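Structural description and commentary
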Amino acid sequence: MVDLCARLDALIAGDTTGAAREALLAHAAACAACSERLTVEAPELLLAALSVSIPDAQPLEAVAFSRALPARRPPWFMSAAAAAAVLIAALLAWRVGTPERARAPVEIAASAAAPAFVPEPEPDAPVVESGAEQFVVREFTAPGFDGREAQWVVLSSEAAVSDEVRS
Amino acid sequence: MADTPELRAAQLAQAARAAARGDREAFAVIVTLTQPAILRLATRVSGNPEEGRELAQEVYLALWKILPRLDLERPLMPYLYRATVNKAARLIRRRPPVIAMENPPEQAGADPRTLMLGHQLRRALAKLSRKERLVMALTALDGKSPSEIAELTGNSPATIRVLLLRGRKKMAEFIKGPSRG
C-alpha cells in the first residue's frame, strides 16, 4: 500500500502532475495530518485539495452566448465619453471653484492650531448646538498660517477657544 | 477541434482577430476553445459551479467588449486567466464572512468545518496581490508548473517561484490570524 502522506513533499514541491497529483490532493483533503501540514506550508494546495470534489460547471452554449452579447460601442464612443467627462469635471470645478476663490482666503485649522488672538465674542454672536454642547461663533480677520490676511470662523465652547476652527 | 497546442493557439489567434472585428461566430470559437480551462478555474476559485459559470460569463462579456483594444499579437489565455482570477477575488471579497446556513446542493453533505476552511482559504487567496493571486490560482487550482505560468505571464520561472513562496506565506498568516474570514 502506498503511503500517500510520505508523498506530500512531492506535492508541495510541485513535482507531481496529472492523476497522481489529483490522488494526492484527494488524500490530503481527507487526511488530518496532511491538511494540517498544508495549512502551514502550502495553503493554496489545501484549497486545491478541498476543491477537487467540486463538480465542474455546466459549459456555456458558445454560439447562443455569443449571439446574445450586447452590441459593441464604436471606439470613438469611448474617447467621446472620456472627453465629455473631462469637460463636465472642468465645468463643475469652474462653477464651484470660482466663488470660493473670489472670496478672501478662509483658514481651516485643527483645534490645536487655533490662533491665540481670537477676540472676545460679540454679545450677539450666534450660537450653534451640537448634541448637548453649545458653541459660540466668532468671525474675524487675522493673519492666516501663510501670513496673509485671512477670514477666520471659530466655534468655541465655553471652556476655551479650542474646539473647532472651520469656514 | 484542436489537435495540437500550436494548432489550437493558431485557431484562437485567428478567431480573436475576427471577433475583434465583430464576428460573433468567431467569438463562439473562442468560447468553445477556452471554456474548459476557464470554467474549471472559475469554479475552483469561486468554490461552486453556479458562481463559476457566472464568472466565466462575466469574463467572456468583458473580453467581447475589450477585444478591439487588446493587443492580439499576444496570446489570449493569460488575459482570460487574469480576468477570471481577479473577478473571482472581487466576488469573494464581497461575500459575507460567514457561510450561509443553506449550502449549495453540491456541498450539502460536506463537513461544516471543511466548508469554513475552504471559505477562509478563498478569502486568503482574494487578499493577495494580483500577481500572487494569479500564480497561486494557476499553480494550485489549475495544476500548472512554474515554467508553464512563466510562459503564460511573460515572467521568469524564478519570479513565479518567488511569488508562489510569498503568496504561501501571506495565505498561511491570514489563516493563522485571529478569527478573520
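Note that this is a predicted model, so its numbers are computed, not measured. (Residues numbered from 1 in each chain as written. Chains lettered and ligands numbered in written order. Predicted model: local features only at pLDDT ≥ 70, side-chain atom pairs only at ≥ 80, totals over all residues. Heavy atoms only, no water.)

**What about the overall build of chain A?**
What chain A contains, in helices and strands, is six helices and four strands. Secondary structure elements of chain A occur, N-terminal to C-terminal, as α-α-α-α-α-α-β-β-β-β. Taking all 167 residues of chain A together, the buried fraction comes to 31%. Counting contacts in chain A only where the partners sit at least 6 residues apart, residues at least 24 apart contribute 35% of the total. By element, 60% of the accessible surface of chain A is carried by carbon and sulfur atoms, the whole surface being about 10600 Å². (Helix = DSSP H or I, 4+ residues; strand = E, 2+ residues; numbered from the N terminus. Buried < 20%, exposed > 50% of the residue type's maximum accessible area, 1.4 Å probe, protein only. Contact = heavy atoms within 4.5 Å. Areas by Shrake-Rupley, 256 points an atom, 1.4 Å probe, with all protein chains shown as cover.)

**A closer look at the confidence of the model for chain B**
Looking at chain B as a whole, the pLDDT averages 86, with 88% of positions reaching at least 70. Across the predicted assembly, pTM comes out at 0.67 and ipTM at 0.80. (pLDDT = per-residue confidence, 0-100.)

**So, the nonpolar core**
Among the nonpolar cores identified, the biggest contains 79 residues, and F27(B), I30(B), Y60(B), L63(B), L67(B), Y81(B) and L141(B) are the most heavily contacted of them. With 12 residues, the top contributor of residues to this core is helix α2 (residues 24-46) of chain B. Excluding anything up to four places from it in sequence, L67(B) contacts R72(A), A16(B), A19(B), A20(B), F27(B), I30(B), L72(B) and L76(B). Residues A142(A), A150(A), W152(A) and V154(A) belong to the second largest nonpolar core, which totals five residues. (Core = buried A, V, L, I, M, F, W, Y, C linked by side-chain atoms within 4.5 Å.)

**A word on helix α8 (residues 157-176) of chain B**
The terminal C-alpha atoms of α8(B), which comprises 20 residues, lie 28 Å apart, in line with the 28 Å expected from a rise of 1.5 Å per residue. For α8(B), the set of buried residues is I160(B), L163(B), L164(B), G167(B), R168(B), M171(B), A172(B), F174(B) and I175(B). Taken down its axis, α8(B) places every buried residue within 165° of arc, on the same side. Facing away from the buried side of α8(B) by over 90 degrees, the exposed positions are L165(B), K169(B) and K176(B). Elements in contact with the buried residues of α8(B): α1 (8-13), α3 (32-41) and α4 (43-51) of chain A together with α5 (112-127), α6 (130-141) and α7 (146-153) of chain B. (Expected span 1.5 Å × (residues − 1). Arc of directions from axis to C-beta.)

**Focus on the pattern of salt bridges**
Applying the stated rule across the entire model yields nine salt bridges over all chains. E25(B) is the salt-bridge partner of R67(A), the closest N and O atoms lying 3.5 Å from each other. Highlighted residues: R67(A) in helix α5 (residues 62-67) and E25(B) in helix α2, drawn from two different chains. Judged by its relative accessible area of 56%, R67(A) falls in the exposed class. Through salt bridges with shared partners, one network takes in D9(A), R37(A) and E41(A). (Salt bridge = Lys/Arg side-chain N within 4 Å of Asp/Glu carboxyl O.)

**Focus on the interface of chain A and chain B**
Across the contact, 34 residues belong to chain A and 43 residues belong to chain B. Roughly 3300 Å² is buried in total at the junction of chain A and chain B, and carbon and sulfur atoms are behind 65% of that figure. Linking chain A with chain B are three salt bridges, by the criterion used here. For the pair chain A and chain B, the interface holds 16 residue pairs in polar contact (both at pLDDT 80 or more). Within the residue set of the side of chain A that touches chain B, elements represented by two or more residues are α2 (18-30), α3, α4 and α5 of chain A. Of all the elements, α4(A) adds the most residues to the side of chain A that touches chain B, at eight residues. (Buried area = accessible area lost by both parts, 1.4 Å probe. Polar contact = N/O pair within 3.5 Å; in protein donor to acceptor, adjacent residues only side chain to side chain.)

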